[in-house]
Amino acid sequence: MIQHNIDDDYEELAVGEFERTPVPKSRLKGWKSFLGMYAGEHAAGTEFMIGPLFLAAGASLKDLILGLFIGNILAILTWRYIVAPIAVSKKLTLYYQLEKIAGKHLVKVYNVVNGVLFCFLAGAMITVSASAVGVPFDISFSVPESIFGLSSAAFSGIVIIVGIVMTIVAAAGYNMVSKFANIAAPWMIIVFAACGISAMSQMEVDSWKSLLTEWDQGISVVQSINGKVDFGFWKIVIFAWLCNAAMHFGMSDLSIMRFAKDSRAGWGPSIGMFLGHYMAWICASLMLAAQIKLTGDISANPGALAWSVVGWTGIICVIIAGWTTANPTIYRAGLAFQSLFSSKAKAYSGVILAGVVATVAGIFPTLSSKLLDFVGLYGTILGPMGGVIFVNHYLAKKMGFTEDYADEKGSSFNVAVLLAWTIPVALGLYFIFAKGLFPAYAVIPCWIASSVLYVLIMKLQKS
Amino acid sequence: MKILKLISVLSISVLILLVGILSFLGTIEVANMKTLMLVGTILWFATTPFWMKEEE
């Protein structure tokens, strides 16, 4: 999913230069360089967690293979036709574009919300890494029933140690980690593939039919323990499409694609998506199927799963995948939190705060086991801001309201954006938490509602 | 650097991917597969930083 495995190039494009000016022509890149840039992007620590959760949620293998394929295509089309044209036209970062529409104070609110969500994501990655660190010490990782339930004291201790190390590294800056992530990315993709092949070997699969049989038996075991669960075809499609909604519908990747010469850069995530959100997810899910066949254990413990299929290579891969994902995530959350501190505060104060929040989140393993829900929630909360940017770009002139309102009027807090963002999100959260709606289902309705609401409020304001 | 790059490519394509496939086909024991994959991992991280840094 969720891409936070940032290499140098990516980081330079994301936040490094031209933060408050359009990217000059001399710095624009051809669309093919975006293919390479995104290639390792979506094969990260989260994939070790998300893949097995599909099987644990009762998804059939046929649905998974076809559903992920269609969902990934839809996600790529969203990048191509929603994000890329605006990025190429404006050539601004998400944050500067938002500031022009919403005002600098509202952007700070958005940043902090973004930072908190980043912390939970980083927390899940700390859990993933800790699950692998615990394997050589025979410290298992169990998921309690309650969201705020703890695993064993020893596992919580490992999470705290891993969290502290990651926070210190993030506070020192993450250049070294991002370089390391760059080196590890091709190896990690191959290890994912090897995990899948080895898992099939452990299940003694010799045909497509036997693979389906083993998978279905895995689901039967899960359902005999957890009760009947269902994760159907369309749910898979929607999840695969919208698990990165904050990046495409939410326009976060404006910051990357602003460096594009033309809109074809929107095809950039194609290879990365199919490596990470297709091959890696399916291979990771096969590891759980193998574990269920061999031991009957249905827990999606990434460290133990990888250890079982490829040994030490798997342990190293899970630790590195979790680390290289969590580190830039903590760093970015820290940047968002830094605005909460006074200007006299140390530059790393925000990162330390983010690291503490992420570590606390990581202590509760149930949060990482709810990653399928969390990424939908992430898109539901951040995605609608992309709707505001979308209508601001395409409809402001046509419908006669002020484009880039805050910039034009000198406003630092555009209430219209606040309302257009928070009302649909509040409704979405109500349906998710009170009515049990699968969070990814709320993303597009909230995005559309925000877009419509912003147009209506702006028209009303004008009249 | 070309030699290092070749070692890197072979380390993941042969010692990790191909070995995984051979284990699936029953040609290599699981324990040997895991050992060879670890060797491939060590070789990858021992060689790749040098040529990747050069290319940057």
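This is a predicted model, so every value here is computed, not measured.

Peer 1: When you look at the overall build of chain A in this model, what are you seeing that I'm missing?
Peer 2: When its secondary structure is counted, chain A shows 21 helices and zero strands. The principal-axis extent of the C-alpha atoms belonging to chain A is close to 65 × 45 × 45 Å. By residue count, 60% of the 463 residues in chain A fall in the buried class. Excluding contacts between residues fewer than 6 apart, the proportion of contacts in chain A whose partners are at least 24 apart in sequence is 87%.

Peer 1: Teacher, can you tell me more about the interface of chain B and chain A here?
Peer 2: Put simply, an interface is often sized by how much accessible area is lost when its parts join up. Listed by partner, the interface residues are 15 residues for chain B and 17 residues for chain A. Broken down by element, the side of chain B that touches chain A gets its largest block of residues, eight residues, from helix α2 (residues 30-55) of chain B. Its residues assigned to classes, the side of chain B that touches chain A shows 10 nonpolar, four polar and one charged.

Peer 1: What exactly am I supposed to notice about unusual backbone geometry here?
Peer 2: Where the residue is not glycine, phi is negative for most of them; where a peptide bond is considered, it is trans in most cases. Residues and elements named next belong to chain A. We note that Lys91 has phi near 60°; this positive angle belongs to a residue other than glycine. Within the fold, Lys91 resides in the loop between α4 (61-90) and α5 (94-102). Located in the positive-phi region is Asp138, a residue other than glycine, with phi close to 60°. Its location among the elements puts Asp138 in the loop between α6 (104-134) and α7 (153-171).

Peer 1: I'm lost on the confidence of the model for chain A in this one. Help?
Peer 2: In low-pLDDT regions, the fine details of the predicted coordinates are not to be read closely. Mean pLDDT over chain A works out to 90, with 96% of the residues at or above the 70 mark. Low pLDDT (under 50) marks residues 2-15 of chain A, which in the prediction has 45 contacts with non-local residues, meaning those over four places away or in another chain.

Peer 1: I would appreciate a short explanation of the nonpolar core in the present structure.
Peer 2: When a protein is soluble and globular, its nonpolar side chains tend to lie buried together. Counting residues in each nonpolar core, the largest one holds 183 residues, and the members touching the most others are Met188(A), Cys195(A) and Ala306(A). Other than its neighbours up to four places away in sequence, Met188(A) contacts Ala43(A), Cys317(A), Ile320(A) and Ala321(A).

Here is what the cut-offs are and how they apply
- Residues numbered from 1 in each chain as written.
- Chains lettered and ligands numbered in written order.
- Predicted model: local features only at pLDDT ≥ 70, side-chain atom pairs only at ≥ 80, totals over all residues.
- Helix = DSSP H or I, 4+ residues; strand = E, 2+ residues; numbered from the N terminus.
- Buried ≥ 20, exposed ≤ 12 C-beta atoms within 10 Å, placed from the backbone.
- Contact = placed C-beta atoms within 7 Å.
- Nonpolar A, V, L, I, M, F, W, Y, C, P; charged D, E, K, R; others polar.
- pLDDT = per-residue confidence, 0-100.
- Core = buried A, V, L, I, M, F, W, Y, C linked by C-beta atoms within 7 Å.

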